[in-house]
Amino acid sequence: MTRTLLFLLCLLALAPLPALARLAGPPEVWQKPVATRDLAQVRRSGVLTVLVNQSRNSSGEVKGEPIGVEYHRIRAFEQYLNRNARDGREIRLKIIPLAKDQLLGALQRGEGDLVAPGELLSARGIGGVSASVPLRKDVPMVLVSRQGNRRYLRLEQLAGRSIALPAGSAAAEPLRQVNRKLAERRLAPIMVEWVDPSLAVEDVLEMVQAGILPVTAVEQPIAERWAKVMPKLRLEKHLVLDRQGDMTWFVRRDAPMLRARVDRFLASYRVPDDQDAAFQRVYRRLYKVHNPLARSERQRLERVRPVLQRYAEQHRFDWLNLAALAFKESSLNPGARGASGATGLMQITPGAARSVGVGNIHKLDNNVQASAKYLAMLRRSFFSSAQLNERERMAFILAAYNLGPQRVQGMRAEARRRGLNPNQWFFQVERVAAEQVGMGVVSYVNSVNKYYLAYERERYLLEPAKSSGSLKK
């Protein structure tokens with residue numbers, strides 16, 4: 001009876017939260033659905049709306065260079081359509097990034113003409129949607145772990161252990177099948193940890209490389225691509241959850257001419273040999289998150305925890321946000337010295353400290369107080385809108401802490417102009433940042449976010465019972 005109950009609970013855990021609950025930002029209600037269109041209507045309008053997976057693996061540009069694996073392909077499709085235009089009218093692409101599990105619903109509602117997910121995506125249960133010919137057939141879904149960790153020889157050895165998956169992962173259904181087989185053998189199920197929606201597949205891989213997360217399951221081509229810039233990943237190619245999924249694009253069923261043109265293009269398209277050259281050059285030095293919960297790091301955190309908690313509570317922050325920022329800025333070293341006069345645990349500059357009325361930032365208490373007050377000032381002056389949820393609010397504050405609030409506000413305005421969500425940093429406004437100033441600020445916010453999530457997973461161990469009444473968000 002106990003094993004049966006455990007198995008049923010595991011099946012429930014495998015099901016991700018409802019789409020709205022997993023949104024990293026408020027629903028994009030300002031984007032009105034458009035009428036269903038086939039190729040003729042697309043040509044008349046001159047615009048092909050492509051819905052892309054917001055993951056950096058799938059889409060994105062950094063200072064004008066296409067980095068996402070689908071960007072090369074959809075740009076080639078744009079050229080293909082214009083090469084075959086009979087009336088001489090050129091088509092330009094309008095690219096809309098969405099969370100992976102929102103793509104097909106948006107296509108079904110007519111919010112786009114084409115979906116290019118860059119990952120395995122099932123249309124099961126989505127009416128009126130048609131898959132293209134495969135980009136890749138029978139894609140293996142493999143386990144990925146960290147070099148030096150325990151090596152598993154068989155899937156059964158993962159019984160009772162957990163696998164971290166990003167929202168919308170295609171590994172969920174294969175894991176259900178594996179768990180059914182484990183239950184038949186009276187073995188504990190493999191548990192799924194659905195990670196925070198601010199994390200895409202590449203973020204989960206980085207946290208596995210850092211040792212924050214134990215293991216994940218990823219499409220083999222995606223794992224192989226990111227292993228080029230994350231050398232500590234270990235692809236367990238012998239541990240295959242499934243190999244029956246095809247990577248495809250999607251169009252609506254009532255757009256047969258567009259579907260035919262897509263199929264014709266994909267059948268002849270060949271991936272350029274140098275497709276990942278810019279990807280490797282840009283990302284090689286960026287995905288360097290470390291484990292903030294290793295033994296020495298825990299000891300350093302415990303030494304500065306009281307002062308972090310004191311000023312976090314005074315200024316209505318979750319103290320783990322300050323801890324994550326401190327780890328990113330100084331590796332929790334109160335004596336750290338940085339560029340432009342930045343100093344101490346929080347690497348705040350004397351000018352920023354003076355702007356909030358704090359001096360002598362070489363003293364630990366003052367350093368943390370100045371940083372907390374400055375962060376609170378940014379929140380109050382620039383990011384107090386009720387339209388921001390708390391996770392996105394903190395992301396904008398961090399971006400402003402790194403880049404300056406006026407520049408971040410300008411990026412939000414540009415995001416709104418493009419039809420992106422100006423109230424969502426992750427995968428939305430950060431795209432504008434990557435294009436305008438490069439990956440520096442994007443990597444900065446992502447790193448602090450991952451450290452926060454690492455701490456959050458073990459909050460119950462990091463907070464003594466006596467501080468259980470401290471502010472939590």
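About the cut-offs
Residues numbered from 1 in each chain as written. Predicted model: local features only at pLDDT ≥ 70, side-chain atom pairs only at ≥ 80, totals over all residues. Heavy atoms only, no water. Phe/Tyr/Trp six-rings, centres within 6.5 Å; stacked < 30°, edge-to-face > 60°. Buried < 20%, exposed > 50% of the residue type's maximum accessible area, 1.4 Å probe, protein only. Lys NZ or Arg CZ within 6 Å of the ring centre and 35° of its normal. Helix = DSSP H or I, 4+ residues; strand = E, 2+ residues; numbered from the N terminus. Salt bridge = Lys/Arg side-chain N within 4 Å of Asp/Glu carboxyl O. Pairing = 2+ DSSP bridges. Axes fitted to C-alpha atoms, helices over the stretch in contact; angles between N-to-C directions. Parallel < 35°, antiparallel > 145°, perpendicular 65-115°, else oblique. Contact = heavy atoms within 4.5 Å. Nonpolar A, V, L, I, M, F, W, Y, C, P; charged D, E, K, R; others polar. Core = buried A, V, L, I, M, F, W, Y, C linked by side-chain atoms within 4.5 Å. Polar contact = N/O pair within 3.5 Å; in protein donor to acceptor, adjacent residues only side chain to side chain. Expected span 1.5 Å × (residues − 1).

Student: Hey, could you run me through the packing of aromatic side chains in this one?
Tutor: In this description, a pair of aromatic rings is defined by centroid distance and the angle of the planes. Evaluated as defined, the whole model comprises 14 aromatic pairs. Relative to Tyr-269, the ring of Phe-265 lies with its centre 5.3 Å away and its plane at 40°, an arrangement referred to as tilted. For Phe-265, a relative accessible area of 4% gives the class buried. Tyr-269 sits in the buried class, given a relative accessible area of 15%. In this structure, Arg-225 is placed above the aromatic ring of Phe-279, and the distance from its NZ or CZ to the ring centre is 3.9 Å.

Student: I'm lost on unusual backbone geometry in this one. Help?
Tutor: Peptide bonds are, in most cases, trans, and in most cases residues other than glycine have a negative phi. One non-glycine residue, Asp-138, adopts positive backbone phi at about 50°. If you trace the backbone, Asp-138 turns up in strand β7 (residues 136-146).

Student: I would appreciate a short explanation of the pattern of salt bridges in the present structure.
Tutor: Between side chains of opposite charge, a pair can form when the charged atoms approach closely. Under the definition given, this model contains 37 salt bridges. A salt bridge links Arg-185 to Glu-156, with the nearest nitrogen and oxygen atoms 3.4 Å apart. Placement of Arg-185 in the loop between α5 (172-184) and β9 (191-194) and of Glu-156 in the loop between β7 and β8 (162-165) is noted, with a sequence separation of 29 residues between them. Residue class for Glu-156 comes out partly exposed when judged on its relative accessible area of 28%. For Glu-224, the salt bridge identified is with Lys-237, shortest N-O distance 3.2 Å. One end of the pair, Glu-224, is in helix α7 (residues 220-227); the other, Lys-237, is in strand β11 (residues 233-247), with 13 residues separating them in the sequence. Several salt bridges converge on common partners, so that one network encompasses Arg-56, Glu-202, Asp-203, Glu-206, Glu-430 and Lys-450.

Student: How should I be thinking about the pairing of β7 in this particular structure?
Tutor: Regular strands place their side chains on alternate faces of the sheet. As judged from the eight bridges shared by β7 and β11, these two strands associate in the antiparallel manner. The partner of Val-139 across the bridge, within β11, is Gly-245. Judged from the four bridges that link them, β7 and strand β10 (residues 216-219) form a sheet pairing that is antiparallel. Bridging from a neighbouring strand, Val-142 pairs with Val-218 of β10.

Student: Help me out: how do you make sense of the packing of helix α14 (residues 390-403) against helix α15 (residues 405-418) in this one?
Tutor: Two numbers describe how α14 lies on α15: the axes approach to 7 Å, and their chain directions differ by 130°. Relative to α15, the element α14 is oriented oblique. Contact residues: α14 offers Phe-396, Ala-399, Ala-400 and Leu-403, while α15 offers Pro-405, Arg-407, Val-408, Met-411 and Arg-412. Within the contact of α14 with α15, the residues separate by chemical class into seven nonpolar, no polar and two charged.

Student: Whenever I open this one, the nonpolar core confuses me. Can you help?
Tutor: Grouped together as the largest cluster of nonpolar side chains are 116 residues, with contacts concentrated most on Leu-308, Trp-425 and Tyr-455. For this core, the element with the most residues is helix α17 (residues 440-457), which contributes ten residues. Apart from the residues lying within four places of it in its own chain, the contact partners of Trp-425 are Glu-392, Ala-395, Phe-396, Ala-399, Glu-430, Ala-433, Val-441, Val-442 and Val-445. Core analysis: the next-biggest nonpolar cluster, separate from the first, contains 24 residues, Leu-39, Val-50, Ala-76 and Ala-255 among them.

Student: What is the right way to read the side chain of Arg-234 from this model?
Tutor: Among the secondary structure elements, Arg-234 is positioned in strand β11. Of the polar contacts made by the side chain of Arg-234, one reaches the side chain of Glu-236; its length is 2.9 Å. Leave out the neighbours within four places in its chain, and Arg-234 touches Leu-143, Val-144, Ser-145, Arg-146, Gln-147, Gly-148, Asn-149, Arg-150 and Arg-151.

Student: How should helix α6 (residues 201-210) be read in this particular structure?
Tutor: With ten of its ten residues buried, α6 lies for the most part within the structure. For α6, the set of buried residues is Val-201, Glu-202, Asp-203, Val-204, Leu-205, Glu-206, Met-207, Val-208, Gln-209 and Ala-210. Directly after α6, the chain includes Gly-211, whose backbone phi takes a positive value near 90°.

Student: I'm lost on helix α13 (residues 364-382) in this one. Help?
Tutor: A turn of α-helix holds 3.6 residues, and therefore any two residues three or four places apart point the same way. A rise of 1.5 Å per residue sets the reference length of α13, with its 19 residues, at 27 Å; its end C-alpha atoms lie 27 Å apart and thus fit the reference within 8%. Among all positions of α13, only Asn-366, Asn-367, Val-368, Ala-370, Ser-371, Ala-372, Tyr-374, Leu-375, Ala-376, Leu-378 and Arg-379 are buried. Where α13 is buried, its residues meet α10 (295-314), α11 (319-330), α12 (350-355), α14 and α15.

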